[in-house]
Protein chains: 2
Amino acid sequence: MTPYSSATPLTTPALVLDAAIVHRNVRRLADYAAKHHLRIRPHTKTHKSRWLARMQLDAGAGGLTVAKVGEAEVMMTVSDDLLLAYPAVDPVRCSRLAELAKSATIRVAIDSAIAVAALAQAAQQAGSTIGLLVDLDVGVGRTGVQSPRAALELAQTIQSTPNVRLDGILCYPGHIWLKPEEQRPALELVGAKLGTTLELWGRHGLEAKIVSGGSTPTAYQSHQNQHLTEIRPGTYIFNDMNTVRGGFCALEDCAARVVCTVVSDAVPNQIVIDAGTKTLTSDRCIPAPDSGHGYIVEYPAARIKALSEEHGQVDMSASDRRPRVGERVTVIPNHICPCVNLTDRCWWQEANEPLVPLGVDARGRLS
Amino acid sequence: MTPYSSATPLTTPALVLDAAIVHRNVRRLADYAAKHHLRIRPHTKTHKSRWLARMQLDAGAGGLTVAKVGEAEVMMTVSDDLLLAYPAVDPVRCSRLAELAKSATIRVAIDSAIAVAALAQAAQQAGSTIGLLVDLDVGVGRTGVQSPRAALELAQTIQSTPNVRLDGILCYPGHIWLKPEEQRPALELVGAKLGTTLELWGRHGLEAKIVSGGSTPTAYQSHQNQHLTEIRPGTYIFNDMNTVRGGFCALEDCAARVVCTVVSDAVPNQIVIDAGTKTLTSDRCIPAPDSGHGYIVEYPAARIKALSEEHGQVDMSASDRRPRVGERVTVIPNHICPCVNLTDRCWWQEANEPLVPLGVDARGRLS
């Protein structure tokens, strides 16, 4: 049933990347962005791989996005134009960024005057300049200043602070809980809030050269927001059950699959696979929280009902077929990004070629 | 409020281990086991550290437990008596185990004739012998043969197969969803099922030299089960909010804490810490699923209400105090084992000593 038979030396669980699907996903977004004159700045948190980042850059991406400074230090080797989409405030993180800014364009999204001061101080000590984007909350309620007025005040603080440069606005329209057809009104509100903010900035003589938005669920709606200059999707390169069940892609667009071995069938109506939370994470599927812990490609009626650290308990009662102990199955995870972060290497599969190991270069760069 | 001020070079998030609490936890279980003539075979999945495994052995543990073969390969360097509490069935995993069995005592818990055959074949090829424990399900419903009769049949299969050795029975009484006072009747059923199985084996001339049970929640009830010869708790060395809220230990017994930095307070009644699912995991607290994603020591009324990969959103509305952006706080995770697996190193803290880095040697050994 699966191409990864137990006769191969592949040990399980193993994260296998389908090369053709990766190439297609990268190309599709690149074509979309080119058509609409949007810059793509892919979020490398998904793959954490220099090699895949290079592929995205070769396909036309203009710079990269990272979440943590450790990721920036890794990705510096493939791009000299990085955005840290994460508020850096502590002295250690700020001075490492300020060091990077001596030899690359480093931008950081922030939402507090404390962050402006911390980054400016670090940049002053390093003799560098850090570009800042004002993080504006557009409905996710995680980070970001709340109002156009607050965005103006923070922009003015940046403008009057040495060693930092006001480059624009960042927002995170990551409305994955909305179906594609429900996104339109939510994204219209995003556009309106950005418009009000930009207009207010303009009246005070401030310019946003960069207006950065985009996430995988809303990526292909980005052209409807006239203000965006760039988008930062990450998951799109692989996709997962979040994007499938959210209606943003098909199963055939999922490039990353976990090859597992069935290790037990002792409990009636159940099999156990050798992938638990240390492989698949405990992340639920956001658009379908009761759909289990991933999708088994060869047994669509199976349901991964519970995970412990190294066990996946699969309810087979709705399936008319059962794998035997020792058989291999492939699982599409609910959320691919943290799964990649759990393995030291993935396996790259070109059609009819042997599997090639691919390091997860920025794995575990927590700081 | 926290001893890990932002003036130290510690980058956050950082997993810090309190040496005094670790020593006390290890000592307490060792004393209990000595008193009741039980062997402790600690499950190293929790810490994945050679150094901490050595500490447990020095305190009297007799051998170690691992979940995956990669962990066994790491722990081989500190003990020559290992139990893989996990069914090995695929050829790769079995032959790696058979190799290890050439120079150490290797035992594996299995629940299928397929596993017996696979391990025997690998051991035959390597010229080694692997000890087997029959995995008996005692109520968790994850792995394990279902009945004393099935346990007998599997034992007879082992007995008649070359290169494997029948060593006994393994069960997993991991009843963490029961409060300590509710465990008694459940554990009496465990004892009864083990007793029936052992009696049946005896009538057929089979002996279980090892009867392996125990998990952290039920560890201190083990003496009430007259059949157990050894216990395999893992979490007890650190503890976490699962064991606290389950009533199995106090907050003061939690040795592992994540030091975080507050990175945003832009959203009303909320702060954001720099630890999300890539640090704390998405694991809920089993005894209290609505208690949030961990416990903030310095702000007990705060509730970590949502995590994304690198953000922890903390609801501060019930707290009369608020940390400022840049302040550090310490979090006790819901489930410590997968958190340790997310970091390359922890920090060991002896009182009044500088922090010492401690490698997570078996991290990411998925296979």
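Only a predicted model underlies this, so the values are computations on that prediction, with no experimental measurement involved.

(A) Examining the relation of the copies chain A and chain B more closely. The operation relating chain A to chain B is a screw motion whose rotation component is 180 degrees, with 0.0 Å of axial translation and a residual RMSD of 0.0 Å. Such values leave the two copies arranged in the relation of a two-fold axis. Considering only C-alpha atoms, the part of chain A nearest the rotation axis is S282 of chain A, at 2.6 Å. A symmetric contact is evident, with 100% of the interface residues of chain A recurring at the interface of chain B.

(B) Highlighting the nonpolar core. With 224 residues, the main nonpolar core has L84, L97 and L119 of chain A together with L84, L97 and L119 of chain B as its most contacted residues. Filtering out sequence-adjacent residues up to four positions away, L119 of chain A remains in contact with A88, C94, L97, V108, I130 and V164 of chain A.

(C) Summary view of the interface of chain A and chain B. Between chain A and chain B, the contact holds 55 residues from the first and 56 residues from the second. Only helix 4 (91-100), helix 5 (113-126), strand 10 (256-264), helix 9 (277-280) and helix 10 (336-340) of chain A provide two or more residues apiece to the side of chain A that touches chain B. For the side of chain A that touches chain B, the residue count by class is 21 nonpolar, 22 polar and 12 charged.

(D) Geometry of the domain arrangement of chain A. In terms of domains, chain A is made up of domain 1 (19-240) and domain 2 (243-359). In this assembly, 22 residues from domain 1 of chain A lie in contact with 26 residues from domain 2 of chain A.

(E) Helix 7 (residues 180-203) of chain B, seen in detail. Residues and elements named next belong to chain B. Between the first and last C-alpha of helix 7 there are 35 Å, a value that for 24 residues agrees with the 34 Å anticipated at 1.5 Å per step. When the local axis directions of helix 7 are compared, the greatest deviation, roughly 25 degrees, occurs at A186. Along its buried surface, helix 7 packs onto helix 6 (148-159), strand 7 (164-170) and strand 8 (210-213). Phi for G205, located one or two positions after helix 7, is positive at around 75 degrees.

Conventions used here
- Along every chain, residues carry numbers that run from 1 in the direction the sequence is written.
- In the order they appear in the text, chains get letters beginning with A and ligands get numbers beginning with 1.
- Local features are withheld for residues below a pLDDT of 70 in this predicted model, meaning they are given only at 70 or higher, and side-chain atom pairs are given and counted only at 80 or more; totals for whole chains, interfaces and linings count all residues.
- Superposition of the copies was done by least squares, using only C-alpha atoms of residues whose pLDDT is at least 70 in both.
- Residues are treated as contacting if the C-beta atoms built from their backbones sit within 7 Å of each other.
- The nonpolar core is taken to be a set of buried Ala, Val, Leu, Ile, Met, Phe, Trp, Tyr and Cys residues joined by way of C-beta atoms within 7 Å.
- With C-beta atoms placed from the backbone, a residue counts as buried when 20 or more other C-beta atoms lie within 10 Å of its own, as exposed when 12 or fewer do, and as partly exposed for counts between those limits.
- Helix numbering and strand numbering both begin at the N terminus, where a helix is a DSSP run of H or I of at least 4 residues and a strand a DSSP run of E of at least 2.
- Amino acid classes used here: Ala, Val, Leu, Ile, Met, Phe, Trp, Tyr, Cys and Pro are nonpolar; Asp, Glu, Lys and Arg are charged; the rest, including Gly, are polar.
- Either an automatic procedure or a domain database provided the assignment from which the domain bounds are taken.
- By this rule, a helix spans an expected 1.5 Å times one less than how many residues it contains.
- Bend at a given residue is defined as the angle between two axes, one fitted to the seven residues that end at that position and one fitted to the seven that begin there.

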